[in-house]
Number of protein chains: 2
Amino acid sequence: MNERADRFPVERSEVRAMLTRFGIQPTQQRIDIAHLLFQRPQHVSAEQVLEGVNAAYGHVSKATVYNTLNLFVRYGLINEVLIEPDRTLYDSNTSDHHHVYNMDTGELSDIPAGRLAIQGDLGLPEGTEIEGMEVLVRVRSGHDPAANR
Amino acid sequence: MNERADRFPVERSEVRAMLTRFGIQPTQQRIDIAHLLFQRPQHVSAEQVLEGVNAAYGHVSKATVYNTLNLFVRYGLINEVLIEPDRTLYDSNTSDHHHVYNMDTGELSDIPAGRLAIQGDLGLPEGTEIEGMEVLVRVRSGHDPAANR
DNA sequence: ATGCAACTTAGACTCAGTCTAGACCATTTT
DNA sequence: AAAATGGTCTAGACTGAGTCTAAGTTGCAT
């Protein structure tokens, strides 16, 4: 599979080439969205992308934002992250890594996969192959035991 | 924190005592829902609970199902599992374990935590404490490289 | 019995995400 | 040059999981 070099930020001029290299037709909207996503490794919701693009570039519709994000996911440019039950986050960092989620602040941060060693017998059924392995560490800020959430 | 003994099935007569032990008022609806959940370790959606209870016991409303499931999660009787972006699953197995998700079949199965060893430096910020650690292994059935999903 | 708080419910509501049908745009065909 | 082709974009309608509301019911305490 085609792999994006995880280097940030990806300059506007490079974005077009990157999309083309992935076999994605580089339209204005896709370039705008990709440029926003690849400014830095980040976790953003579709709504944030919509607002961000509309603030920094021209107008893009909600439908296009969703279409494009799903397209990028399918082509492996970004990853879906499911942590909050009510919205999907998109992760512009596709290097192998895990997540730490602070349940008090809602903050989500990365752990490079190399920092963790996972060993053991998964006991996978015959004929199944591993597609990916994600670790989610849930943490609390501590100093507030009366967690009201 | 109060811990449920992970033994299945939990007989109907035991369910009432279990709820009381957790400080949850054992109403008819909560007993029905709990009885359904603790027949065996399983991953069910709210809709499945609604259908299941209405099929096997008396009528329960959608609001009560959601209220009760969220209550059970808050009190640690069950866990939320976020894997599919469009619905929340509830896991009646609260013993420490991880998940294997077959992306082709949608099947979700468990790995006892004892089978996996995770080591490494999480590099957590000062003052944060670990609440939980989940591993999700995504697998494919294999024999169909032309994955159309 | 009576009062009161907790619980349940039908149905309205919200909101993330999808769908639709037409507009737009670039390239190719005639 | 005009028309056809095929892919993309968009406004707005739509869907469906989950929440909220306001009224009714239950059940415990006195």
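With respect to the sheet that holds strand β1 (residues 43-45) of chain B
Residue and element names in this part refer to chain B. Strand order in this open sheet of three strands is β1-β3-β2, and the pairing throughout is antiparallel. Bordering the open sheet on either side are β1 and β2 (79-81), each of which pairs with just one other strand. Averaged over all pairs of adjacent strands, the angle between their axes in this sheet comes to 40 degrees, without regard to strand direction. Examined bridge by bridge, β2 and strand β3 (residues 89-91) share three bridges and lie antiparallel to one another. Residue Asn-79 lies in a different strand from β3, and its bridge partner there is Asp-91.

Focus on the sheet that holds strand β1 (residues 43-45) of chain A
Residues and elements named next belong to chain A. Across the sheet, three strands lie side by side as β1-β3-β2; this open sheet has antiparallel pairing. Because the sheet does not close on itself, it has two edges, and the strands there are β1 and β2 (79-81). The sheet shows a mean angle of 40 degrees between the axes of neighbouring strands, direction not considered. Across the sheet, helix α3 (residues 46-56) touches β1 and β3 (89-91), and the angle it forms with β1 is around 85 degrees.

Here's the deal with the protein's contact with DNA strand C
Taken together, 17 residues are adjacent to DNA strand C, and Lys-62 and Tyr-66 of chain A together with Thr-27, Gln-29 and Thr-64 of chain B come closest. Within 4 Å of the protein, atoms of DNA strand C come from sugar and phosphate in 77% of cases. Between Gln-29 of chain B and DNA strand C, the recorded distance is 2.8 Å, taken from a side-chain N or O atom to a sugar or linking oxygen. The contact in question runs from a phosphate oxygen of DNA strand C to an N or O atom on the side chain of Arg-30 of chain B, over 3.0 Å. Contributions of two or more residues to the surface near DNA strand C are made by α4 (62-74) of chain A together with α2 (28-37) and α4 (62-74) of chain B. For the surface near DNA strand C, the per-class residue count stands at five nonpolar, eight polar and four charged.

Observations regarding the interface of chain A and chain B
Of the residues lining the interface, 35 residues belong to chain A; the matching set on chain B comes to 35 residues. It is Leu-82, Glu-134 and Arg-138 of chain A in chain A that bury the most area against chain B; as a group they hold 18% of the surface buried on that side. Counting across the chain A and chain B interface gives four salt bridges. The salt bridge involving Arg-138 of chain B is made with Glu-134 of chain A; its shortest N-O contact spans 2.7 Å. The tally of links between chain A and chain B comes to 14 residue pairs in polar contact (both at pLDDT 80 or more). Among the elements of the structure, β4 (97-102), β6 (116-120) and β7 (129-140) of chain A are those that each provide at least two residues to the side of chain A that touches chain B. The dominant element in the side of chain A that touches chain B, judged by the number of residues it contributes, is β7 of chain A, at twelve residues. Considering only residue class, the side of chain A that touches chain B consists of 17 nonpolar, ten polar and eight charged. The pairing of β6 of chain A with strand β6 (residues 116-120) of chain B spans five bridges and is classified as antiparallel.

Looking at the confidence of the model for chain A
Overall, the predicted model of chain A reaches an average pLDDT of 91, with 93% of residues at or above 70. In this model residues 145-149 of chain A is a low-confidence stretch, pLDDT under 50, and it forms one contact with partners more than four residues away in sequence or in other chains.

Here's the deal with the layout of surface pockets
Size it by volume and the second largest pocket reaches roughly 150 Å³. Forming the walls of the second largest pocket are 13 residues, and the residues nearest its centre are Glu-84 and Pro-85 of chain A together with Glu-84, Pro-85 and Asp-86 of chain B.

Comments concerning the pairing of strand β5 (residues 108-112) of chain A
Residue and element names in this part refer to chain A. Both β4 and β5 contribute to a ladder of five bridges, which runs antiparallel. By the bridge assignment for β5, Tyr-101 is matched with Leu-108. Taking the residues that link successive antiparallel strands as the turn, the β4-β5 hairpin has five residues, and the phi of Gly-106 there is positive, at about 80 degrees.

Calculation criteria
- Residues numbered from 1 in each chain as written.
- Chains lettered and ligands numbered in written order.
- Predicted model: local features only at pLDDT ≥ 70, side-chain atom pairs only at ≥ 80, totals over all residues.
- Heavy atoms only, no water.
- Pairing = 2+ DSSP bridges.
- Helix = DSSP H or I, 4+ residues; strand = E, 2+ residues; numbered from the N terminus.
- Axes fitted to C-alpha atoms, helices over the stretch in contact; angles between N-to-C directions.
- Contact = heavy atoms within 4.5 Å.
- Near = heavy atom within 4 Å.
- Polar contact = N/O pair within 3.5 Å; in protein donor to acceptor, adjacent residues only side chain to side chain.
- Nonpolar A, V, L, I, M, F, W, Y, C, P; charged D, E, K, R; others polar.
- Buried area = accessible area lost by both parts, 1.4 Å probe.
- Salt bridge = Lys/Arg side-chain N within 4 Å of Asp/Glu carboxyl O.
- pLDDT = per-residue confidence, 0-100.
- 1 Å grid on protein atoms, 1.4 Å probe; cavity = no way out; pocket = protein on both sides within 12 Å on 5 of 7 lines; lining within 4 Å.
- Points joined across faces, edges and corners; volume = space filled by probe spheres on them.

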